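What follows is each chain in one-letter form.
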Amino acid sequence: MNKESNIRNYIPFEPSVKPLYKENDKDYWYLFKDNKLMMLKEEDKLILPRWKDVNELNVSLYNIQHMGADCGCNCHCGEIEDDVEVYGIEFLDLKALPEIVGEKIYSLASKANLLLNWLKLNRCCGICGSATYKKDSYTERALVCSNCGNTTWPRTSPAVIVAITKGDKLLLARNKQFPNRVYSCVAGFVEYGETFEECVKREVYEEVGIKIKNIKYFGSQPWPFPNSMMIGFTAEYLEGDIKVDGEEIVHAGWFSKDEVEKMYRESISINSELIEWFLKNH
Ligand SMILES: [Zn+2]
């Protein structure tokens, strides 16, 4: 086995600023129009367009970036300027992708969305307001100010999510923005200069009024709306009575395994993974 295929087995997606392989008709293109991903209908399934398909459409592309390689195929992303109303082409909302096209394409489309948003938000320098340009580098993805040299890199905003148990029960809360009867683990954005663990304690105390202990790292998941990263934890109840803040959380409670099973709807979110962890281990 050569070195290249070793890498592909270990890391199926290799991020890269410039193409790792010679660009060709088989390159994948993650193209967006109005924040929706372009897919092609092939018989009864949807597939990601390759360069050959994109080229045939003869549309104008902008904000083009190279993402890296997926199992040895270059991946690019960009936006489509023109309206495309061609039979066999569909534009899909990012949040609908996991159920329609699976986790792999969702994950890569998420990366593409993050890069495209980063480019859009940093057209001008945050210090002097002058135009930025893409740094010419093989190793560093950056935008540099044409006037003062200020440099920005793709950013990720961390948020935490925590499954809190009390004996054989799990704490679930309903966010004001959720539809009726949809409950989840407690979550919130990390404040400046805060550790993840401090954030977990603060969010839980602010939103549901209880103190927790034994905070343990569970896993993480990119959440590209537009550039978050969910960091999952488990924790145990320490003290206090549930008292929701009424602002973000309108109801919270301790739920038994049977109750959680009835409420649970499978999705690819880390919230689902945390709930599955509870169901398996309690
Ligand atoms: Zn500047």
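All figures in this text were calculated on a predicted structure; none of them were measured in a lab. (Residues numbered from 1 in each chain as written. Predicted model: local features only at pLDDT ≥ 70, side-chain atom pairs only at ≥ 80, totals over all residues. Heavy atoms only, no water.)

K.L.:
What should I look at first to understand the environment of Asn117 in this one?
P.N.:
Topologically, Asn117 is positioned in helix 4 (residues 103-121). Judged by its relative accessible area of 16%, Asn117 falls in the buried class. The spatial distance from the C-alpha of Asn117 to the C-alpha of Pro154 is 9.1 Å, given a sequence separation of 37 residues. (Helix = DSSP H or I, 4+ residues; strand = E, 2+ residues; numbered from the N terminus. Buried < 20%, exposed > 50% of the residue type's maximum accessible area, 1.4 Å probe, protein only.)

K.L.:
What exactly am I supposed to notice about the coordination of the zinc ion here?
P.N.:
Under perfect tetrahedral coordination by four donors, a metal shows angles of 109.5 degrees; under perfect octahedral coordination by six donors, it shows angles of 90 or 180 degrees. Only Cys125 (SG), Cys128 (SG), Cys145 (SG) and Cys148 (SG) from the protein reach the zinc ion as donors, at distances of 2.3 to 2.4 Å. Metal-centred angles of 98 to 121 degrees between the 4 donor atoms at the zinc ion mark the site as tetrahedral. In the primary structure, the donors to the zinc ion are separated according to the pattern C-x2-C-x16-C-x2-C. On the accessibility criterion, Cys128 (34% relative accessible area) is partly exposed. (Donors = N, O, S within 2.8 Å, 3.2 Å for Na, K, Ca; no water. Tetrahedral: all angles 85-135°; square planar, octahedral: opposite > 155°, others 65-115°.)

K.L.:
I keep staring at the pairing of strand 11 (residues 157-166) and nothing clicks. Help me out?
P.N.:
Consecutive residues of a regular strand have side chains that alternate between opposite faces of the sheet. Extensive coverage of strand 11 is indicated by the burial of 7 of its 10 residues. Relative to strand 15 (residues 228-239), strand 11 runs parallel, the two sharing 9 bridges. Its bridge partner lying in strand 15, Thr165 is registered against Glu236. Pairing of strand 11 with strand 13 (residues 186-189) involves 4 bridges; the strand directions are antiparallel. Looking at strand 13, one finds that Val162 is bridged to Val186. One ladder, built from 2 bridges, connects strand 11 with strand 12 (residues 169-175); its direction is antiparallel. Residue pairing in the sheet places Lys166 in a bridge with Lys169 of strand 12. The antiparallel hairpin formed by strand 11 and strand 12 contains 2 residues in its connecting segment, where Gly167 sits at a positive phi of about 60 degrees. (Pairing = 2+ DSSP bridges.)

K.L.:
How should the domain arrangement of the protein chain be read in this particular structure?
P.N.:
Frequently, the measure chosen for interface size is the accessible area removed from exposure when the parts meet. Taken domain by domain, the protein chain comprises domain 1 (3-120), domain 2 (124-155) and domain 3 (157-281). Summarising the inter-unit geometry, the C-alpha centres of domain 1 and domain 3 are found 32 Å apart. With both chains or domains summed, domain 1 and domain 3 bury close to 720 Å², and 74% of this area falls on carbon and sulfur atoms. When residues of domain 1 are sorted by the area they lose upon contact with domain 3, Lys95, Tyr106 and Leu114 head the list and together hold 51% of the total. Summed over the shared surface of domain 1 and domain 3, the result is 0 salt bridges. Counting residues per element, the side of domain 1 that touches domain 3 draws most heavily on helix 4, at 6 residues. Grouping the constituent residues of the side of domain 1 that touches domain 3 by class yields 4 nonpolar, 3 polar and 2 charged. (Domains from an automatic or database assignment. Buried area = accessible area lost by both parts, 1.4 Å probe. Salt bridge = Lys/Arg side-chain N within 4 Å of Asp/Glu carboxyl O. Nonpolar A, V, L, I, M, F, W, Y, C, P; charged D, E, K, R; others polar.)

K.L.:
Where do I start with the nonpolar core in this structure?
P.N.:
Side chains that are nonpolar tend, in soluble globular proteins, to be buried together. One finds Tyr30, Phe32, Leu37, Met39, Met67 and Leu97 to be the most contacted residues of the largest nonpolar core, which totals 26 residues. Counting residues per element, the ones that place at least two in this core are strand 2 (28-33), strand 3 (36-42), strand 6 (73-80), helix 3 (97-101) and helix 4. The biggest single contributor to this core is helix 4, with 9 residues. Ignoring any residue separated from it by four or fewer positions in sequence, one finds Tyr30 in contact with Leu37, Leu48, Met67, Cys75, His76, Cys77, Gly78, Ile105, Leu108, Ala109 and Ala112. If you look at the next biggest cluster of nonpolar residues, it comprises 20 residues, including Val162, Ile164, Val200 and Tyr237. (Core = buried A, V, L, I, M, F, W, Y, C linked by side-chain atoms within 4.5 Å. Contact = heavy atoms within 4.5 Å.)

K.L.:
Please clarify how the pattern of salt bridges should be interpreted in this entry.
P.N.:
Side chains that differ in charge, positive against negative, can pair when their charged atoms come close. This structure, assessed with the given rule, holds 11 salt bridges. With a shortest N-O distance of 2.6 Å, Glu140 and Lys135 are connected by a salt bridge. On the accessibility criterion, Glu140 (23% relative accessible area) is partly exposed. Residue classification places Lys135 among the partly exposed positions, given a relative accessible area of 34%.

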